[in-house]
Every structure is written in C-alpha cells, then in structure tokens.
Amino acid sequence: MKLWILFGPPGAGKGTQGDLLKERHQMCKLSTGDMLRRHIQTGTPLGKKIQAVVDAGHLVSDEILLELVREGIEEAGDREILLDGYPRNVAQAEALDTFFPAQVGAVFHLVVDEAALIERLSGRRLCPTCKRIYHVVTHPPKISGGCDDCPGSALVQREDDREDRIRVRLAIYERETAPVRDFYRKQGLCYDVQADGSVETVCSRLTDIWEKIQSVANTPRQTE
Ligand code: AP5
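Summary of the structure given here. Quantities reported herein were computed from a predicted structural model and do not represent experimental measurements. (Residues numbered from 1 in each chain as written. Predicted model: local features only at pLDDT ≥ 70, side-chain atom pairs only at ≥ 80, totals over all residues. Heavy atoms only, no water.)

### Notes on the overall build of the protein
Moving on, step 1. Scanning the protein for helices and strands turns up nine helices and seven strands.
Moving on, step 2. Computed over C-alpha atoms, the radius of gyration of the protein comes to 18 Å, within 12% of the 17 Å expected from 2.2 N^0.38 for 224 residues, which places it in the range of a compact globule.
Moving on, step 3. Each principal axis of the C-alpha distribution contributes one length, and for the protein these read about 65 × 35 × 30 Å.
Moving on, step 4. Per-residue burial over the protein gives 45% buried out of 224 residues.
Moving on, step 5. Of the roughly 12,000 Å² of accessible surface on the protein, a fraction of 52% belongs to carbon and sulfur atoms.
Moving on, step 6. Taking the 30 positively charged and 34 negatively charged side chains of the protein as two groups, their mean positions are separated by 3 Å. (Helix = DSSP H or I, 4+ residues; strand = E, 2+ residues; numbered from the N terminus. Rg over C-alpha atoms; globule rule 2.2 N^0.38 Å. Buried < 20%, exposed > 50% of the residue type's maximum accessible area, 1.4 Å probe, protein only. Areas by Shrake-Rupley, 256 points an atom, 1.4 Å probe, with all protein chains shown as cover. Lys, Arg positive; Asp, Glu negative; His and termini not counted. Charge placed at Lys NZ, Arg CZ, Asp CG, Glu CD.)

Here you go:
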C-alpha cells in the first residue's frame, strides 16, 4: 500500500485530478471533503455536528478527521490510495506518519495563482448524486444545470464556494495548511506541479512524475 497525497489550496484541482487518476490507474481515492459532505447530506450525527463548520469554511477537528481517514485507509487494503484534503495541518501530517509510517509515496503540490483559484471556486458546480465536478465556464455540462451522467439531477453550488467563504478558506490554507509542504519537503517527498493548464495537461504532468517515482522505486539496487 502507498499513499499519494494531492495537496494544494482550495480550487487547485485536487478533486478533479483525483477522479481522473483514480479512473486511469485504478487507485482508491479518499477525499475528506467528500466524506464530510456525505455525512452532512445524509444527516448522520457527525454530519449534524460538523455542518456549520464546513459551510463556514473552517477546519473540522483533527480527531474526527483521523478517525475517518484511518478507517478509509484500512478499508482500502493493499490498494494504492490517493488522499485528497488530508493532511491539512502539521498535526494531521504527524498523525499520518505515526499510524502509517513510511507509507507516503509523494505529495503533489498543485500550484495555481489566487485569482484563478477564486474564478474556479466561484464557478464550480457539483452533481449532488454522483459528486461529479463541473465549472460553469471551463467545464460545463452538456445540458445547462444538469449532470451528464445522472438524468434529472440538478447541479448545486457548495455553501463554502460563496465568495466570502472562499476568502476564509484561502486564509486558513495559508495559515494552517501551507506549512505541511515544508513538513514533506524536509522528507524529500514534495513535488511542485504547475496546475494552471488544462485539466488534461495537469493530469499528464502528475502522471509523468508519478511514473518516474514508481520506476525509481522498482529499479533493483546495484550491489557492489
Ligand atoms: P475539501 O472538499 O477538501 O475542499 P478544498 O480543499 O477547499 O478543495 P476544493 O474541493 O474546494 O478544491 P479542489 O482542489 O478539489 O478543486 P476542484 O478539483 O474541485 O474540504 C471542504 C471542507 O471540509 C474544508 O473547508 C473543511 O471544513 C473540511 N475538511 C476537509 N478535509 C479536512 C481536514 N483534513 N481537516 C479538517 N477539515 C477538513 O476544482 C475546482 C474547480 O476548478 C472546479 O469547478 C473544476 O472544474 C475547476 N478546475 C479544476 N482543474 C481545472 C483546470 N486545470 N483548469 C480550469 N478549471 C479547473
């Protein structure tokens, strides 16, 4: 089992790239945002407890997240796992190291400038049924307002994608989440990936790096 972390600010494209990589390389994707939103949507006790925090763009507690992520990783068994949205602060990165030592294969840091992030987030729409991600300008559905894969399902905007919440999330990212990059840089695991091209271009960049890391890991060491 290896953990591949998709890392970057809100709107960098973690979910979009995670869905593509999962499909093309038969990986398991664990998105903490999706897990939390599923609890909210289905009205579980956890969902009721965290709804206001998530809608406001604040972080949910480390304890809750660790439990969700541990469960998800353990359920995935031996499969390669893409983590989207975790870890989100240094305490979470340390917890991951403690419970799954030496399992992180790489951290892909998606780099996009702030103006583009705001444009991406304010135009994002989601299918509430299959969770497919769209954008009103760059990736619209075939029929306006509906999901291509789920007839009758009207696309929705996330509560935390309103402009005031986007600003809160970007500030929290800078303060709490960005230091995680240095945590992994010190371990030689962080790769910066320009994520401002088309979805396909970014996916090729990620795949190239991922394949290089795999080929180095699989090359037998020469004995002297
Ligand atoms: P989460 O769902 O993880 O939100 P996020 O990190 O803010 O990231 P986003 O989902 O907003 O963006 P993304 O990078 O996935 O971009 P996407 O691919 O959708 O978390 C939500 C909340 O849950 C948090 O605020 C917190 O409350 C809680 N939470 C989650 N994890 C937690 C944790 N570990 N600890 C504590 N709390 C936690 O793309 C965005 C848009 O851009 C889309 O419309 C897409 O079509 C478009 N797009 C994507 N790529 C491109 C491209 N290359 N060119 C043009 N448009 C593009």
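Moving on from the model shown.
### Regarding the packing of aromatic side chains
Moving on, step 1. Counted according to the given criterion, the structure contains five aromatic pairs.
Moving on, step 2. When the ring of Trp4 is compared with that of Phe108, the centres are 6.3 Å apart and the planes differ by 20°; the resulting orientation is stacked. A residue pair is termed long-range when its members are at least 10 positions apart, and Trp4 in strand S1 (residues 3–7) and Phe108 in strand S4 (residues 104–111) qualify at 104 residues.
Moving on, step 3. Take Trp4: its relative accessible area is 2%, and that puts it in the buried class.
Moving on, step 4. For Phe108, a relative accessible area of 2% translates into the label buried.
Moving on, step 5. Members of the aromatic cluster, connected to one another through ring pairs, are Trp4, Phe108, Tyr191 and Trp210. (Phe/Tyr/Trp six-rings, centres within 6.5 Å; stacked < 30°, edge-to-face > 60°.)

### Observations regarding the pairing of strand S2 (residues 28–31)
Moving on, step 1. The two faces of S2 match: Cys28 and Leu30 on one face and Lys29 and Ser31 on the other face are all buried.
Moving on, step 2. Sheet analysis places S2 next to strand S3 (residues 81–84), joined by four bridges and oriented parallel. Paired with Leu30 across the bridge in S3 is Leu83. (Pairing = 2+ DSSP bridges.)

### Quick word on the environment of Ile81
Moving on, step 1. Mapping Ile81 onto the fold places it in strand S3.
Moving on, step 2. In the structure, Ile81 is positioned 36 residues away from Pro45 in sequence and 27 Å away in space, judged by C-alpha atoms.
Moving on, step 3. Among residues more than four places away in sequence, those in contact with Ile81 are Met1, Lys2, Leu3, Trp4, Cys28, Leu30, Ile73 and Ala76. (Contact = heavy atoms within 4.5 Å.)

### Section: the packing of helix H2 (residues 32–42) against helix H3 (residues 45–56)
Moving on, step 1. Remark: H2 packs on H3, axes separated minimally by 8 Å, with the N-to-C direction vectors making an angle of 115°. Along this stretch, H2 crosses H3, giving a crossing that reads as left-handed. Of H3, the residues touching H2 (which contributes Leu36, His39 and Ile40) are Leu46, Gly47, Ile50, Gln51 and Val54.
Moving on, step 2. In the contact of H2 with H3, the residues fall into five nonpolar, three polar and no charged. (Axes fitted to C-alpha atoms, helices over the stretch in contact; angles between N-to-C directions. Left-handed = near helix turned anticlockwise from the far one by under 90°. Nonpolar A, V, L, I, M, F, W, Y, C, P; charged D, E, K, R; others polar.)

### A word on the site of the ligand
Moving on, step 1. Surrounding the ligand, one finds 34 residues, the nearest of these being Thr16, His58, Arg88, Arg124 and Arg169.
Moving on, step 2. For the ligand, the protein covers 96% of the area, taking 1,000 Å² as the surface of the free molecule.
Moving on, step 3. Contributing elements (two or more residues each) for the shell around the ligand: helix H1 (14–25), H2, helix H6 (114–122) and strand S6 (133–135).
Moving on, step 4. When residues in the shell around the ligand are grouped by element, the largest group, four residues, is from H2.
Moving on, step 5. In the shell around the ligand, the residues fall into 13 nonpolar, 13 polar and eight charged. (Near = heavy atom within 4 Å.)

### Some thoughts on the pattern of salt bridges
Moving on, step 1. Using the criterion set out here, one finds 19 salt bridges in the structure.
Moving on, step 2. Here Asp161 ties to Arg169 by a salt bridge, and the two come within 2.9 Å at their closest N and O atoms. The pair Asp161 / Arg169 is uniform in exposure class, with both members buried.
Moving on, step 3. As a salt-bridge pair, Arg185 and Asp192 come within 3.3 Å of each other at their nearest N and O atoms.
Moving on, step 4. Judged by its relative accessible area of 45%, Asp192 falls in the partly exposed class. (Salt bridge = Lys/Arg side-chain N within 4 Å of Asp/Glu carboxyl O.)

### A word on a negative patch on the surface
Moving on, step 1. Residues Glu67, Glu71, Glu74 and Glu75 make up a contiguous surface patch of negative charge.
Moving on, step 2. Looking at where Glu74 falls in the secondary structure, it is placed in helix H4 (residues 62–76). (Patch = residues over 30% accessible without salt bridge, like charges linked within 9 Å, V, L, I, M, F, W, Y side chains within 5 Å.)

### Details of the nonpolar core
Moving on, step 1. Counting 35 residues, the largest nonpolar core has Leu83, Leu96 and Tyr184 as the members making the most contacts within it.
Moving on, step 2. The dominant element in this core, judged by the number of residues it contributes, is H4, at seven residues.
Moving on, step 3. Here Leu83 is in contact with Leu3, Trp4, Ile5, Leu6, Leu30, Val69 and Leu96, once residues within four sequence places are set aside.
Moving on, step 4. Leu6, Leu82, Leu170 and Ile209 belong to the second-largest nonpolar core, a separate cluster that totals 24 residues. (Core = buried A, V, L, I, M, F, W, Y, C linked by side-chain atoms within 4.5 Å.)

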